[in-house]
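# Per-entry structural report
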Amino acid sequence: MKHLFPLAAVAALAACEEAPPQPETGAAPPPSNDDLYLVGGYRSEDDWCQLTGETAFTVNFLDHTADLVSCPTGSAAAQSLGEMQNAQQVAETGGYTVYTIPRG
């Protein structure tokens, strides 16, 4: 019986490890709450970064001179958006990071 305890401890620690990142193919994962209204892909139809519409949560971030864009937090799409655009992070909610990107 004493030999089972170390095995159980190892199994418990293994369960605590983070899951591997989800591959970014297909549709983006849905937000885990109702704060965001995702309209469609920002840079292309299948872009995980999505143009974001007005909700009670986003109303204070909307600006007629900028696009509001939301990407799954930590995704490669979010990283590339920051590298390719002049994106400023304004919020995080529901597993998504919200950015404002000046137009023009």
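Remember, predicted model here, so these are calculated numbers, not experimental data. (Residues numbered from 1 in each chain as written. Predicted model: local features only at pLDDT ≥ 70, side-chain atom pairs only at ≥ 80, totals over all residues. Heavy atoms only, no water.)

### A few points about the nonpolar core
This is how the line gets drawn: Joining through side-chain atoms within 4.5 Å is the link that ties buried Ala, Val, Leu, Ile, Met, Phe, Trp, Tyr and Cys residues into a set, and such a set is a nonpolar core. Each residue's exposure class comes from its accessible area (1.4 Å probe, protein chains only) as a fraction of the maximum for that residue type: buried when under 20%, exposed when over 50%, partly exposed otherwise. Only DSSP runs of H or I reaching four residues or more are called helices, and only runs of E reaching two or more are called strands; each is numbered from the N terminus. When checking whether two residues touch, look at their non-hydrogen atoms; a contact exists if any pair is within 4.5 Å.
In terms of nonpolar packing, the biggest core is built from 16 residues, with Cys 49, Val 69, Cys 71, Leu 81 and Tyr 99 touching the most fellow members. Broken down by secondary-structure element, the contributors of at least two residues to this core are strand 3 (66-72), helix 2 (76-84) and strand 5 (96-102). The biggest single contributor to this core is strand 5, with 4 residues. Residue contacts for Cys 49: discarding those within four places in its chain leaves Gly 40, Gly 41, Tyr 42, Arg 43, Val 69, Ser 70, Cys 71, Ala 77, Ala 78 and Leu 81.

### A closer look at the sheet that holds strand 5
Note the threshold: If DSSP finds at least two bridges between two strands, the strands pair. In this analysis, axes come from line fits to C-alpha atoms, helices being fitted only over the stretch in contact, and the angle between any two N-to-C directions falls in the range 0 to 180 degrees.
Pairing in this open sheet of 5 strands is antiparallel, and the strands run 1-2-3-5-4 from one edge to the other. The sheet is open, and its two edges are formed by strand 1 (37-41) and strand 4 (88-93), each paired on a single side. On average, each strand axis in the sheet is tilted by 35° relative to the strand beside it, whichever way the strands run. Bridge count for strand 3 against strand 5 is 7 bridges, and the pairing is antiparallel.

### Regarding the pattern of salt bridges
For the record, the criterion: Salt bridges are defined by distance alone: a side-chain nitrogen of Lys or Arg within 4 Å of a carboxyl oxygen of Asp or Glu.
Summed over all chains, the structure comprises 2 salt bridges. For Asp 47, the salt bridge identified is with Arg 43, shortest N-O distance 2.7 Å. Judged by relative accessible area, which is 8%, Asp 47 ranks as buried. We classify Arg 43 as partly exposed; its relative accessible area is 29%.

### Points about the packing of aromatic side chains
How we decide: Within 6.5 Å between ring centres, the rings of Phe, Tyr and Trp (the latter by its six-membered ring) count as paired, and their orientation is classed by plane angle as stacked under 30 degrees, edge-to-face over 60, tilted in between.
Counted under the stated rule, the structure contains 1 aromatic pair. With 5.8 Å between their ring centres and 65° between their planes, Phe 57 and Phe 61 make a pair best called edge-to-face. For Phe 57, a relative accessible area of 27% gives the class partly exposed.

### Focus on the side chain of Thr 52
Going by this rule: Polar contact is defined as a pair of N or O atoms within 3.5 Å, subject to the rule that within protein one atom must be able to donate a hydrogen and the other to accept it, and that residues adjacent in sequence are counted only when both atoms are side-chain atoms.
As for its position among the elements, Thr 52 is in strand 2 (residues 50-53). By relative accessible area, Thr 52 is classed as buried at 5%. Side-chain polar atoms of Thr 52 contact the side chain of Ser 70, separated by 2.8 Å. Beyond its immediate stretch of four places on either side in the chain, Thr 52 contacts Leu 36, Tyr 37, Leu 38, Val 39, Thr 58, Leu 62, Leu 68, Val 69 and Ser 70.

### Here we look at the pairing of strand 2
The pairing of strand 1 with strand 2 spans 4 bridges and is antiparallel. Within strand 2, the position partnered with Gly 41 by the bridge is Gln 50. With 2 bridges connecting them, strand 2 and strand 3 associate as antiparallel partners. By the bridge assignment for strand 3, Gln 50 is matched with Ser 70.

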